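# Close look at the chain arrangement
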Amino acid sequence: MTKDLQHTNIRFWGGLKTIGGTIVSVEYKNSRVIFDFGLTYDPTTNIFDGQIKRRSRGMVRDNLRLNLIPPIDGLYAAESLGSYQREIIPAEEYGQETAVIISHLHLDHIGAMGLISPSIPVYVTKESHELYQALEVIGEGVPGNRDYQFCDYGVSFSIGEITITPIQVDHDILGACAYHIQTPDGVILYTGDLRMHGKHPEQIDYFINEVNRLGLDALIMEGTTLGSVEEMREAILGNPIIPEGMTTEGNIPEKMSDRLKETKGLGIFNVYHRNLDRLTGIIKAAQDSSRKAVFEPETAYLLDKLTNEHDFLVYKSIETISEEQAGILPEWKSNLFNKHDTIHAEMINNNPGEYYLQNTYENVLELFDINVDEGIYIHSNGVPLGDFDPAFENLKKILTKLKVDYAYIGAGGHAIPAHLKYIVDRIDPKILIPLHSFNPERLKPKSGMQMLVDYGVDYVLKEHQITAN
């Protein structure tokens, strides 16, 4: 298939019928923009299981060989491609001006962005940039080494004749946004990930109004929660109402506090700490139940750098205390301990009912040193995410061994089916392209056309219409 070099070409490289791994390229003449560059999340098939050593000088080649990243011309540095230069044009030899633009900092959208050639600018929002800098300090940056550019909500910028406008959306991470993409042939809107049951539903209302003000021809829409046919029947008339009894980001603190008030012993929580709204909600739950929130150092660092919260303690594990005594504590951790009060297992054991303690899955054995009698373990979207992850059974075995009660109190980062339909209906695009879902075909437009796209096909935007080339 040959490209229509006179008009806008759209190509889908990942994420069509998976949760994450979304990669979409938009090209117009000598300019190209690629939206998101993540990895599909599936712990049951993840080949990098923690036992295989990654090769720092072979990351691009290894990921290409494993089909974890797509063979896109002009995106990877020549030295990282090695023999793949016979199949893939290196960035140094590619004619189009290219940029990669990231919607938010979840690994299924950024996991491979460090593998992109340093000569290719990678844009994130200012808030995402601040979060990413903090993540790098605590060792949670992505593999690879490069710099990042930043953009701001509502401020348009151009890559050649492609104009991009970031529009803020509510997701369960700081800095998330959608992108309005305009070329001389028409307008596309890429949503990234979004939800209406978060702490900032007004952002979604603003997003919809702004999209309608700017106009669009095609809507590329995430559909993570699209489930059974029965669920979709209930969602056929989209509405913004939060279903009765649904856990939202806003009511999590109250639900946690209620469980903690019923618990005599230690409260334990497992959270995905890139969700800063959840972290501040956990502090509120601790306050409302007359406890003190205790965070692991990495999470405490994010709170310290990115919020105004101070009402928490920082947990020191046995290993951390040993590092401190040996004088090998990382500088960021040392500064954190100097700034905030700390606590260790023996101190918690004096009165465990006074605390609400973070315990990530990788540190679960730390609970063997802590008095967890009559305690509760509250799982709040931390890893492992659910019973589809083999690690979930291991977690349950350990909690059973400890005789700790288990409760799930969390809220997803993705709009439920009725809310997806509501957003689509209000925008009412001429063309709807659903993706980022196991069942994208179940999201229908109000009056326009649903387009189910495929890999390996160039779709041409011409005179405000899209056709397969």
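Residues numbered from 1 in each chain as written. Predicted model: local features only at pLDDT ≥ 70, side-chain atom pairs only at ≥ 80, totals over all residues. Heavy atoms only, no water.

Looking at an unreviewed UniProt entry, one finds the chain named Hydrolase and attributed to Neobacillus vireti LMG 21834.

A few words now on the environment of Asp 36. The residue Asp 36 is located in the loop between strand E3 (31-35) and helix H1 (59-65) in this model. Judged by its relative accessible area of 0%, Asp 36 is buried. For Asp 36 and Gly 14, which are 22 residues apart along the polypeptide, the C-alpha to C-alpha distance reads 9.6 Å. Ignoring any residue separated from it by four or fewer positions in sequence, one finds Asp 36 in contact with Thr 22, Ile 23, Ile 101, Ile 102, Ser 103, His 104, His 109 and Tyr 190. One polar contact links Asp 36 to Tyr 190, side chain to side chain, over a distance of 2.5 Å. (Helix = DSSP H or I, 4+ residues; strand = E, 2+ residues; numbered from the N terminus. Buried < 20%, exposed > 50% of the residue type's maximum accessible area, 1.4 Å probe, protein only. Contact = heavy atoms within 4.5 Å. Polar contact = N/O pair within 3.5 Å; in protein donor to acceptor, adjacent residues only side chain to side chain.)

Quick look at a nonpolar patch on the surface now. Nonpolar side chains collect at one region of the surface, where Ile 47, Ile 52, Leu 66 and Leu 68 lie side by side and expose about 300 Å² of accessible area between them. Locating Leu 68 in the fold gives a position in the loop between H1 and helix H2 (78-81). Looking at Leu 68, the relative accessible area reads 34%, which means it is partly exposed. (Patch = residues over 30% accessible without salt bridge, like charges linked within 9 Å, V, L, I, M, F, W, Y side chains within 5 Å. Areas by Shrake-Rupley, 256 points an atom, 1.4 Å probe, with all protein chains shown as cover. Salt bridge = Lys/Arg side-chain N within 4 Å of Asp/Glu carboxyl O.)

Bringing the nonpolar core into the picture now. Grouped together as the largest cluster of nonpolar side chains are 86 residues, with contacts concentrated most on Phe 37, Phe 207, Phe 295 and Ile 423. The leading source of residues in this core is helix H8 (residues 276-288), at six residues. If near-sequence neighbours (up to four positions away) are discounted, Phe 295 is found in contact with Phe 269, Leu 279, Ile 282, Ile 283, Ala 300, Leu 303, Phe 312, Leu 313, Val 314, Tyr 315 and Gln 358. (Core = buried A, V, L, I, M, F, W, Y, C linked by side-chain atoms within 4.5 Å.)

The strand order across the open sheet built from seven strands is E7-E8-E9-E10-E11-E19-E20, with neighbouring strands paired in mixed fashion. A strand with exactly one partner marks an edge of an open sheet, and here the two such strands are strand E7 (157-159) and strand E20 (449-450). Sheet contacts for helix H5 (residues 201-214): strand E8 (162-168), strand E9 (177-183) and strand E10 (186-190); angle to E8, the most-contacted strand, approximately 155 degrees. Here helix H14 (residues 417-427) sits on the sheet in contact with strand E11 (218-222) and strand E19 (431-435), set at roughly 170 degrees to E11. (Pairing = 2+ DSSP bridges. Axes fitted to C-alpha atoms, helices over the stretch in contact; angles between N-to-C directions.)

Attention now goes to helix H9 (residues 297-306). Among the ten residues in H9, seven count as buried, and that is most of the element. Listed as buried for H9 are Pro 297, Thr 299, Ala 300, Tyr 301, Leu 302, Leu 303 and Asp 304. For H9, the elements touching its buried residues are helix H4 (126-137), H8, strand E13 (292-295), strand E14 (313-316), helix H11 (331-339) and strand E16 (355-358).

We now examine the sheet that holds strand E18 (residues 405-408). Pairing is parallel across the open sheet formed by seven strands, whose spatial order is E15-E14-E13-E16-E12-E17-E18. At either margin of the open sheet sits one strand with a lone partner, and together these are strand E15 (342-344) and E18. Strand-to-strand twist across the sheet, computed as the mean angle between neighbouring axes with direction ignored, equals 30 degrees. Note that E13 and E14 share two bridges and pair parallel. Opposite Val 294, over in E14, you have Leu 313 as the bridge partner. Contacting strand E12 (267-271), E13, E16 and strand E17 (376-380), H8 crosses the sheet at an angle of about 145 degrees to E13.

Right, let's get into the packing of H5 against H14. Interhelical geometry of H5 versus H14 gives an angle of 30 degrees and a closest axis separation of 9 Å. Put simply, H5 runs roughly parallel to H14. In this structure, H5 crosses over H14, and the sense of that crossing is right-handed. Here H5 contributes Ile 204, Asp 205, Phe 207, Ile 208, Asn 209, Val 211 and Asn 212 to the contact with H14, which in turn contributes Tyr 422, Ile 423, Arg 426 and Ile 427. Classifying every residue of the contact of H5 with H14 gives seven nonpolar, two polar and two charged. (Parallel < 35°, antiparallel > 145°, perpendicular 65-115°, else oblique. Left-handed = near helix turned anticlockwise from the far one by under 90°. Nonpolar A, V, L, I, M, F, W, Y, C, P; charged D, E, K, R; others polar.)

Okay, the pairing of E17 next. Burial analysis of E17 places five of its five residues in the buried class, the great majority of the element. Burial of E17 is two-sided: the residues Ile 376, Ile 378 and Ser 380 facing one way and the residues Tyr 377 and His 379 facing the other way are all buried. Sheet analysis places E12 next to E17, joined by five bridges and oriented parallel. Pairing of Ile 268 across the sheet is with Tyr 377, part of E17. Where E17 meets E18, four bridges bridge the pair, whose relative direction is parallel. Residue pairing for E18: His 379 is matched across the bridge by Tyr 408. After leaving E17, the chain enters helix H13 (residues 391-402) and then returns to the sheet as E18, a path that is right-handed. (Right-handed = clockwise from strand over helix to strand, strands pointing away.)

Counted according to the given criterion, the structure contains twelve aromatic pairs. Geometrically, the ring pair formed by Phe 35 and Tyr 179 is tilted, given 5.8 Å between the ring centres and 40 degrees between the ring planes. Taken together, the residues span a long stretch of sequence, with Phe 35 in strand E3 and Tyr 179 in strand E9 at a distance of 144 residues. We classify Phe 35 as buried; its relative accessible area is 1%. (Phe/Tyr/Trp six-rings, centres within 6.5 Å; stacked < 30°, edge-to-face > 60°.)

Here we take up H13. Compared with an ideal rise of 1.5 Å per residue, which puts twelve residues at 16 Å, H13 spans 17 Å between its outermost C-alpha atoms and is within 8% of the ideal. When H13 is considered as a whole, its buried residues turn out to be Ala 391, Phe 392, Leu 395, Ile 398, Leu 399 and Leu 402. With its buried residues spanning 125 degrees around the axis, H13 presents them on a single face. Opposite the buried face of H13, at more than 90 degrees from it, the exposed residues are Lys 397, Thr 400 and Lys 401. Check the buried side of H13 and you find it contacts E17 and E18. One or two steps after H13, the chain reaches Lys 403, where phi turns positive at roughly 60 degrees. (Expected span 1.5 Å × (residues − 1). Arc of directions from axis to C-beta.)

For the rest of this paragraph, the subject is the layout of surface pockets. Considered as a void within the structure, the second largest pocket measures approximately 380 Å³ in volume. As for the second largest pocket, its lining consists of 16 residues, and the residues nearest its centre are Ser 56, Arg 57, Val 60, Glu 79 and Ser 80. Elements represented by at least two residues in the lining of the second largest pocket include exactly H1 and H2. Counting residues per element, the lining of the second largest pocket draws most heavily on H1, which supplies three residues. Of the residues belonging to the lining of the second largest pocket, the class tally is six nonpolar, seven polar and three charged. (1 Å grid on protein atoms, 1.4 Å probe; cavity = no way out; pocket = protein on both sides within 12 Å on 5 of 7 lines; lining within 4 Å. Points joined across faces, edges and corners; volume = space filled by probe spheres on them.)

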